[in-house]
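# Close look at the chain arrangement
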Amino acid sequence: MEEPDRQRRARVRRYRFAAGREALAVRVPEVPDSQYGTYVWPCAVVLAQYLWARRESLPGKRVLEVGAGVSLPGVLAAKCGAEVTLSDSEELPRCLQSCRRSCLLNGLSHVPVLGLTWGRVSPELLSLPPVDIILGSDIFFDPKDFEDNLTTVYFLLEKNPHAQFWTTYQVRSADWSIEALLYKWKLRSIPIPLHSFGADKEHLASSSLPGRHTIEMMIISLAQADST
């Protein structure tokens, strides 16, 4: 469902998550742009659906969304009671602005937005408070960035040994894999079947997404860490 917005050819899209008599709407700004973080991608809706399915476990959880863009998963987590921090690359100010506008549209002006760039150990990264859950949708988009992506994920998990990285990704090529990098960084992954949280559908949250794209989800943690 779309609503008009006058700023930079933006549209405000409404995603509605429902289960029985419970429902929650999230509004996010979308701008067709060369920067991928200015609109919602199929993976974000699937990850948000997972959070919705786990909504009763979210209140009080400390959540960081990386590569957040319009921040659909992170905003939903915040509206379900999690203590959320949103982040995107410090080199992409439009994406950071998308994070802030999503917060404002959903009455979450208190949610912090930080600039964190993949593979860079910045003061912002070093000063992050403890987290329980790290979120990332479609961060494994370009193989040349996979190493930097997992470098940052590993840093966060090492700093928070019992945290988990919940991530969704779109299968774009059978030749692309992060398995070798997971082994290199001593990380383990557990696949989460989409049917287990009601995401094995072409249309989620009253939207046309994820469509017919092949989306997969996994939970990544330190190989030696106990499951939380």
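Notes on the structure in this doc start here. (Residues numbered from 1 in each chain as written. Predicted model: local features only at pLDDT ≥ 70, side-chain atom pairs only at ≥ 80, totals over all residues. Heavy atoms only, no water.)

In terms of helices and strands, the protein carries 6 helices and 10 strands. The C-alpha radius of gyration of the protein comes to 16 Å, within 12% of the 17 Å expected for a compact globule of 228 residues. In terms of principal-axis extent, the alpha carbons of the protein reach across some 45 × 40 × 35 Å. Looking at the protein as a whole, 51% of its 228 residues qualify as buried. Of the contacts formed within the protein by residues at least 6 apart in sequence, a portion of 71% connects residues at least 24 apart. (Helix = DSSP H or I, 4+ residues; strand = E, 2+ residues; numbered from the N terminus. Rg over C-alpha atoms; globule rule 2.2 N^0.38 Å. Buried < 20%, exposed > 50% of the residue type's maximum accessible area, 1.4 Å probe, protein only. Contact = heavy atoms within 4.5 Å.)

With that out of the way, let us pick up the pairing of strand β3 (residues 22-30). Pairing of strand β2 (residues 11-19) with β3 involves 9 bridges; the strand directions are antiparallel. By the bridge assignment, Ala18 is partnered in β3 with Ala23. Linkage of β2 to β3, two consecutive antiparallel strands, is achieved through a turn of 2 residues, within which Gly20 is found at a positive phi near 60°. (Pairing = 2+ DSSP bridges.)

Look at the link from Leu209 to Pro210: it is a cis peptide, with omega at 5°. The phi dihedral of Lys186 falls on the positive side, at around 55°, and the residue is not glycine. Among the structural elements, Lys186 can be located in the loop between α6 (179-184) and β9 (187-191). The phi angle at Ala205 is positive, at roughly 55°, despite the residue not being glycine. Ala205 sits in the buried class, given a relative accessible area of 9%.

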